[in-house]
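Observations on chain architecture
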Amino acid sequence: MSLPELILASASPYRQELLQRLQIPFRVEASAIDETPLPDEAPEALVCRLAEAKAQAVAHRNPQAVVIGADQMAVCGTRMLGKPGNAERAVEQLGWMQGQAVEFLNGIAIAAASGTEIFLVPYRIVLRPLTSIEIERYVARDQPLDCAGSFRSEGLGISLVKRMEGEDPHALMGLPLIALCRGLRKLGYPLP
């Protein structure tokens with residue numbers, strides 16, 4: 001029995017690299033959805049809604065495929081932190097986060113002909129106190145401009161960390177592989 005085509009509904013090179021680790025053939029088809037939060041929408045609800053919307057948008061065009069949608073947001077206190085987009089904003093975000101606990105929330109949706117399964121996977125880090133020089137040096141060297149919360153754990157970002165807590169460290173890179181493997185196994189994908 002052949003399995004349905006697997007599609008990653010994300011243009012993120014980080015998510016693509018993570019999915020490649022599973023050694024399952026897939027292709028990428030980015031979705032273009034409105035990512036504006038709804039009024040008073042909780043961060044957990046937002047990342048799950050956006051992951052599902054991304055998966056459904058691509059699944060609508062590919063109804064026989066299995067589609068993975070993902071979204072991530074960093075939350076520090078009451079601040080929701082997305083991708084900074086530029087160095088000035090990255091320095092500002094890290095200034096807010098330094099010495100604080102930061103929750104990285106990941107919404108994962110797997111859309112298949114049988115329905116859509118949605119996972120919320122949090123991962124928590126505590127950043128050590130940082131000087132403005134350390135923050136500026138980190139941003140200049142690691143360029144985390146396309147990363148939620150201006151943080152790249154797979155790069156120099158790990159040097160900013162005091163402690164990490166969670167079930168899946170891949171969640172920091174935007175694609176929690178443990179939950180994803182669980183969902184793909186249910187659909188019959190041959191994972192060890």
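For the structure, check the block above.
Right, let's talk about the pattern of salt bridges for a bit. Within the structure shown, the criterion is met by 14 salt bridges. With a shortest N-O distance of 3.0 Å, arginine 21 and glutamate 17 are connected by a salt bridge. The exposure class assigned to glutamate 17 is partly exposed, which follows from its relative accessible area of 35%.

Below, the discussion takes up the pairing of strand β5 (residues 101-112). Counting buried positions along β5 yields ten of twelve residues, so the element is predominantly enclosed. Examined bridge by bridge, strand β3 (residues 66-76) and β5 share nine bridges and lie antiparallel to one another. Of the residues in β5, the one forming a bridge with alanine 74 is phenylalanine 104. Judged from the twelve bridges that link them, β5 and strand β6 (residues 115-127) form a sheet pairing that is antiparallel. The partner of isoleucine 108 across the bridge, within β6, is phenylalanine 119. Here β5 folds back onto β6 in antiparallel fashion, the turn holding two residues.

A separate point is the environment of arginine 128. Within the secondary structure, arginine 128 is located in the loop between β6 and α4 (132-142). A relative accessible area of 25% places arginine 128 in the partly exposed class. On a C-alpha basis, the gap between arginine 128 and aspartate 168 in space is 21 Å, while along the polypeptide they are 40 residues apart.

So, on to the nonpolar core. If you look at the biggest cluster of nonpolar residues, it comprises 43 residues, and the most contacted ones within it are Leu22, Leu175, Leu180 and Leu184. At the level of elements, β1 (6-8), α1 (13-20), β3, α3 (87-97), β5, β6, α4 and α5 (177-186) are the ones that each hand at least two residues to this core. Setting aside anything within four residues of it in sequence, one finds leucine 22 in contact with Leu177, Leu180, Cys181, Leu184 and Leu191. Counting residues in hydrophobic clusters, the runner-up holds ten residues, among them Ala51, Ala65, Ala109 and Ala111.

Turning our eyes to something else, we now look at the side chain of aspartate 71. You can see aspartate 71 is positioned in strand β3. Residue aspartate 71 is classed as buried on the basis of its relative accessible area of 6%. If we skip the residues at most four places from it in the chain, aspartate 71 touches Arg15, Glu35, Val47, Leu50, Ala51, Lys54, Leu105, Asn106 and Gly107.

For α1, the set of buried residues is Arg15, Leu18 and Leu19. Down the axis of α1, the smallest arc covering the buried residues is 95°, so these residues share one side. In this fold, the buried residues of α1 make contact with β1, β3 and α5. Between the side-chain oxygen at the start of α1 and the backbone nitrogen of tyrosine 14 there is a gap of 3.2 Å, and the oxygen is on serine 12.

Cut-offs applied
- Residues numbered from 1 in each chain as written.
- Predicted model: local features only at pLDDT ≥ 70, side-chain atom pairs only at ≥ 80, totals over all residues.
- Heavy atoms only, no water.
- Salt bridge = Lys/Arg side-chain N within 4 Å of Asp/Glu carboxyl O.
- Buried < 20%, exposed > 50% of the residue type's maximum accessible area, 1.4 Å probe, protein only.
- Helix = DSSP H or I, 4+ residues; strand = E, 2+ residues; numbered from the N terminus.
- Pairing = 2+ DSSP bridges.
- Core = buried A, V, L, I, M, F, W, Y, C linked by side-chain atoms within 4.5 Å.
- Contact = heavy atoms within 4.5 Å.
- Arc of directions from axis to C-beta.
- Polar contact = N/O pair within 3.5 Å; in protein donor to acceptor, adjacent residues only side chain to side chain.

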